[in-house]
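What follows is the residue order along each chain.
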Amino acid sequence: MREQYRSEDLLESDLSPDPMVQFARWFRQVAVGGALHEPNAMVVSTASTEGRPSSRTVLLKQYDDRGFVFFTNYGSRKGRELAANRHVSLLFPWHPMARQVIVSGTASRISREETVGYFRTRPHGSQLGAWASDQSTVIGSREELIERYEELAARYPEGEKVPAPPDWGGFRVVPETIEFWQGHGNRLHDRLRYVREDGAWKVERLCP
């Protein structure tokens, strides 16, 4: 199970001075053509105060010069861990294009206004699902989860406004480093990492 990557070199001269501009450039490339299923899927890794890590796949919903935003139940494991330890890692595994983007930074809750604004754009069923699931807690059966959902569907039928749950919302990850990884043959991969120093970004090349 060994893959020989064939791709173009990634050179320092190819990069934008701004890592978020570079991310947008790569994201557009992987999103065009439908070669990747859910290109906004990313692995979010958090850690407890004791240093015990945990990872899960989450969908990126927004990004701009302020950072990367995803949404979750604040009572979930990642929500609890981020409340106690803001350090977080994001990994975008774009394997079909032999690319990865790896972000390390700190996470903070976005404003309630931003959360409510995004919640209103979600499909009706997803809005109900956010209420039905006490994410990461133990539940007796799938039937119990479906029953909760059906009760909510009766309370808030299609077309009726569903309020955003008070314990659900967004986190914005402000990057401290962003690495762009391009796979190559013979494991001579390109790894170019942006590092924030004194309010500015510098680029360093890492051995693969």
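Along every chain, residues carry numbers that run from 1 in the direction the sequence is written. Local features in this predicted model are restricted to residues whose pLDDT is 70 or higher, and side-chain atom pairs enter the listing and the counts only when it is 80 or higher, whereas totals over whole chains, interfaces and linings include all residues. As a rule here, side-chain values cover all heavy atoms of the structure and leave hydrogens and water aside.

## Considerations on the overall build of the protein
If you tally the helices and strands in the protein, you get 5 helices and 9 strands. For helices the rule is a DSSP run of H or I covering at least 4 residues; for strands it is a run of E covering at least 2, with both sets numbered from the N terminus onward. Shown N-terminal to C-terminal, the secondary structure of the protein runs as helices and strands in the order α-β-β-β-β-α-β-β-α-α-α-β-β-β. With the C-alpha coordinates aligned to their principal axes, the bounding extent of the protein is approximately 55 × 40 × 35 Å. Among the 208 residues that make up the protein, the fraction classed as buried is 41%. Considering only contacts within the protein whose residues lie at least 6 apart along the sequence, 62% involve residues at least 24 apart. Note on areas: these come from Shrake-Rupley sampling with a 1.4 Å probe, and a residue is covered only by the protein chains present in the view. Accessible area for the protein stands at about 11800 Å²; split by element, carbon and sulfur atoms hold 50% of it. Only protein chains enter the accessibility calculation, which uses a 1.4 Å probe. A residue is then buried if its area is under 20% of the maximum for its type, exposed if over 50%, and partly exposed in between. When checking whether two residues touch, look at their non-hydrogen atoms; a contact exists if any pair is within 4.5 Å.

## Comments concerning the pairing of strand E7 (residues 168-182)
For E7, a buried count of 13 out of 15 residues is recorded, marking the element as mostly surrounded by other parts of the structure. At least two DSSP bridges between two strands are required for those strands to pair. Looking at chain direction, strand E4 (residues 67-73) and E7 are connected through 6 bridges and run antiparallel. By the bridge assignment for E7, Asn73 is matched with Trp168. Bridge count between strand E6 (residues 99-109) and E7: 11 bridges; the pairing is antiparallel. Bridging across to E7, Arg99 finds its partner in Gln182.

## As for the packing of helix H4 (residues 124-132) against helix H5 (residues 142-155)
The relative placement of two packed helices comes down to the angle between their axes together with the axis-to-axis distance. To obtain each axis, a line is fitted to C-alpha atoms, and for helices this fit is confined to the stretch in contact; angles are then taken between N-to-C directions over 0 to 180 degrees. At their nearest, the axes of H4 and H5 sit 9 Å apart, and the two run at 125° to each other. Considering the angle they form, H4 stands oblique to H5. At the point where H4 passes H5, the crossing takes the right-handed sense. Each of Gly125, Leu128, Gly129, Trp131 and Ala132 in H4 lies in contact with H5, whose residues at this interface are Leu145, Arg148, Tyr149, Leu152 and Ala153. Any residue outside Ala, Val, Leu, Ile, Met, Phe, Trp, Tyr, Cys, Pro, Asp, Glu, Lys and Arg is labelled polar, Gly included; the first ten of those are nonpolar and the last four are charged. For the contact of H4 with H5, the residue count by class is 7 nonpolar, 2 polar and 1 charged. Angle categories: roughly parallel below 35 degrees, roughly antiparallel above 145, roughly perpendicular from 65 to 115, and oblique for all the rest. Helix crossings get a hand from a simple test, with the near helix turned counterclockwise from the far one by less than a right angle marking a left-handed crossing and a clockwise turn marking a right-handed one.

## A closer look at the nonpolar core
In this text, buried Ala, Val, Leu, Ile, Met, Phe, Trp, Tyr and Cys residues form a nonpolar core when linked through side-chain atoms within 4.5 Å. Judged by nonpolar contacts, the single largest core of 29 residues is most densely connected at Phe23, Phe68, Leu90, Phe92, Trp94 and Val101. Those elements that place two or more of their residues in this core are helix H1 (19-31), strand E1 (41-47), E4, strand E5 (87-94), E6, E7 and strand E8 (190-197). A total of 5 residues in this core trace back to one element, the largest contributor, which is H1. In contact with Phe92, other than residues within four places in its own chain, are Phe23, Pro39, Asn40, Ala41, Met42, Leu60, Phe68, Arg99, Gln100 and Val101. Leu128, Ala130, Tyr156 and Trp168 belong to the second largest nonpolar core, which has 13 residues in total.

## Side note on the pattern of salt bridges
We count a salt bridge whenever a side-chain nitrogen from Lys or Arg sits within 4 Å of a carboxyl oxygen from Asp or Glu. Under the counting rule described, the total for this entry stands at 12 salt bridges. Notably, a salt bridge pairs Arg172 with Glu114, separated by 2.9 Å at the nearest N-O pair. Note that Arg172 is positioned in strand E7 and Glu114 in helix H3 (residues 112-119), a separation of 58 residues in sequence. In this structure, Arg193 and Glu204 form a salt bridge, with 2.5 Å as the shortest nitrogen-oxygen distance. With Arg193 in strand E8 and Glu204 in strand E9 (residues 200-205), this pair connects stretches of sequence that are 11 residues apart. Owing to a relative accessible area of 27%, Arg193 belongs among the partly exposed residues under this scheme. When salt bridges that share partners are traced, they join Asp64, Arg66, Glu114 and Arg172 into one network.

## Section: the packing of aromatic side chains
Between the rings of Phe, Tyr and Trp (Trp by its six-membered ring), a pair exists once the centres lie within 6.5 Å; its type follows the angle of the planes, with under 30 degrees stacked, over 60 edge-to-face, and the other angles tilted. Overall, the coordinates contain 18 aromatic pairs when judged by the stated rule. Ring geometry for Trp26 and Phe180: centres 5.2 Å apart, planes at 90°, overall edge-to-face. Residue Trp26 is located in helix H1, and its partner Phe180 is located in strand E7; the two are separated by 154 residues in the primary sequence. Here Trp26 falls in the buried class, since its relative accessible area comes to 2%. Aromatic side chains Tyr118 and Trp168 sit 6.3 Å apart centroid to centroid with 10° between the ring planes, which places their arrangement in the stacked category. Note that Tyr118 is positioned in helix H3 and Trp168 in strand E7, a separation of 50 residues in sequence. Relative accessible area serves as the criterion here: at 12%, Tyr118 is assigned to the buried category. Taken together, the ring pairs connect Phe23, Phe27, Tyr63, Phe68, Phe92 and Trp94 into an aromatic cluster. Between the NZ or CZ atom of Arg99 and the centre of the ring of Trp26, over which it lies, the distance is 4.0 Å. Only Lys NZ and Arg CZ are tested; either one counts as a charge over a ring when it is within 6 Å of the ring centre and within 35 degrees of the ring normal.

Geometric values such as these leave the question of function open.
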